[in-house]
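Remarks on the overall topology
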Amino acid sequence: MEGWHADDRPGMSFLFSCKLEVSTVAFDLTITTDERPQPPRLFVYGPEGVGKTTFGASAPSPVFLRAEDGIVKLRDPYTGVPLKPSRMPVLQSFDHAIECLKFLYSNPHQHQTLVIDSADWIERLIHQEIMRASNAESMAKAAGGYGAGYQTALKKWNVLLAWVNALWSKGMAIIFLAHADPYKFESPEHPAYDRWEPRLHKTSKALLVEWADAVLFATQRIQMKETEDGRQLARASFDERILRCTMQPSAVAKNRFHLPPEIPLQWAAFAHHLAS
């Protein structure tokens, strides 16, 4: 696996067979004071069709771990050239996801970025497995009920993140993609209001938001237009798609890279700010 570079373009395609068993993960225990550059760990979420998958496919030499099959006719936003990122088989179960991550960890390859598409579909696989094991019709009743099903799910998320972090420690950038929904936010300082958040259970959502170096909300810029009778009408600008990079009342976001509040929804724009 070669080192990660922010300004590289998608590379070669590989065909994987995810059958390898790995029992342990070797961790780096080196103590150092050097500030070595590390690849980013991103959590990018937004509404359907806004360009999240294209963003991931434009990252350096990506390989997709797909819980959904969302790679259809992707194009580079600058050149219009088709993007054909490498992809692993569409996941059939949570165990399938873990085997694919083990395979990437244990076998040499040229990929520099792992794109997980998407977190909410991974969570669906986790919940299905827990409900099936409990013979339960819902997560509320799974694993004995009283929230135990969601705690079991959180343990599985931690297993998945352990393997993801192992790949990150070997030099791969990580991008989790997720869909978005509006949720009511109960603020201790202000009246409750709606804001965009990842489409995940609150426990797994909190885990991924804390884990990520940057939580980025992908959206379209909304412009307000006043009509002749004085009414305000919202109008989406389809040519201006953006990433919100800092916490705002309308969306959950953060970053550890000193990014500005908004940047274009383009990998090159993110890489430029990351490098600077």
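Digging into unusual backbone geometry
- Note that the residue after Asp117, namely Ser118, is joined by a cis bond; omega there is 5°.
- Residue placement: Ser118 occurs in the loop between β6 (113-117) and α3 (119-134).
- The backbone of Asn135 sits at a positive phi, close to 55°, despite the residue not being glycine.
- Position of Asn135 relative to the elements: it lies in the loop between α3 and α4 (148-169).
- In this structure, His258 takes a positive phi of about 60° despite not being glycine.
- Take His258: its relative accessible area is 78%, and that puts it in the exposed class.

Considering the pattern of salt bridges
- The full count for this structure, using the stated rule, is 13 salt bridges.
- When the shortest N-O distance is used, the salt bridge between Arg199 and Asp181 registers 2.8 Å. Taken as a pair, Arg199 in the loop between β8 (193-198) and α5 (202-211) and Asp181 in strand β7 (residues 173-185) lie far apart in primary sequence, 18 residues in all.
- Since its relative accessible area comes to 25%, Asp181 is described here as partly exposed.
- Among the charged side chains, a salt-bridge network with shared partners connects Arg221, Glu240, Arg244 and Glu262.

What to know about the packing of aromatic side chains
- This structure, assessed with the given rule, holds 11 aromatic pairs.
- Measuring from centroid to centroid gives 5.8 Å for Tyr105 and Trp163, while their planes differ by 75°, and the two rings are edge-to-face. Of this pair, Tyr105 sits in helix α2 (residues 94-106) while Trp163 sits in helix α4, and the two are 58 residues apart along the sequence. In this structure, Tyr105 and Trp163 share a single accessibility class: buried.
- Here Phe185 and Tyr193 contribute two aromatic rings whose centre-to-centre distance is 5.5 Å and whose plane-to-plane angle is 65°, an arrangement assigned as edge-to-face.
- An aromatic cluster of three or more residues is present, and its members are Phe43, Tyr45, Trp196 and Phe217.

Topic: α2
- With 13 residues, α2 ought to run about 18 Å at 1.5 Å a step, and its terminal C-alpha atoms sit 19 Å apart, in line with that.
- With 11 of its 13 residues buried, α2 lies for the most part within the structure.
- Along α2, the residues that are buried comprise Phe94, His96, Ala97, Ile98, Glu99, Cys100, Leu101, Lys102, Phe103, Leu104 and Tyr105.
- Where α2 is buried, its residues touch β2 (62-66), β6, α3 and α4.

Examining the pairing of β2
- For β2, the buried fraction is high: five of the five residues fall into the buried class.
- Residues Pro62, Phe64 and Arg66 point to one face of β2 and Val63 and Leu65 to the other, with burial holding for every one of them.
- For β2 and β6, the ladder comprises five bridges, and the chain directions are parallel. Each bridged residue has a counterpart across the sheet, and for Leu65 the counterpart in β6 is Ile116.
- Sheet topology places β2 next to strand β5 (residues 86-87); two bridges connect them, and they run parallel. The partner of Val63 across the bridge, within β5, is Ser86.

Definitions and cut-offs
Residues numbered from 1 in each chain as written. Predicted model: local features only at pLDDT ≥ 70, side-chain atom pairs only at ≥ 80, totals over all residues. Heavy atoms only, no water. Helix = DSSP H or I, 4+ residues; strand = E, 2+ residues; numbered from the N terminus. Buried < 20%, exposed > 50% of the residue type's maximum accessible area, 1.4 Å probe, protein only. Salt bridge = Lys/Arg side-chain N within 4 Å of Asp/Glu carboxyl O. Phe/Tyr/Trp six-rings, centres within 6.5 Å; stacked < 30°, edge-to-face > 60°. Expected span 1.5 Å × (residues − 1). Contact = heavy atoms within 4.5 Å. Pairing = 2+ DSSP bridges.

The values are spatial; any link to function lies outside them.
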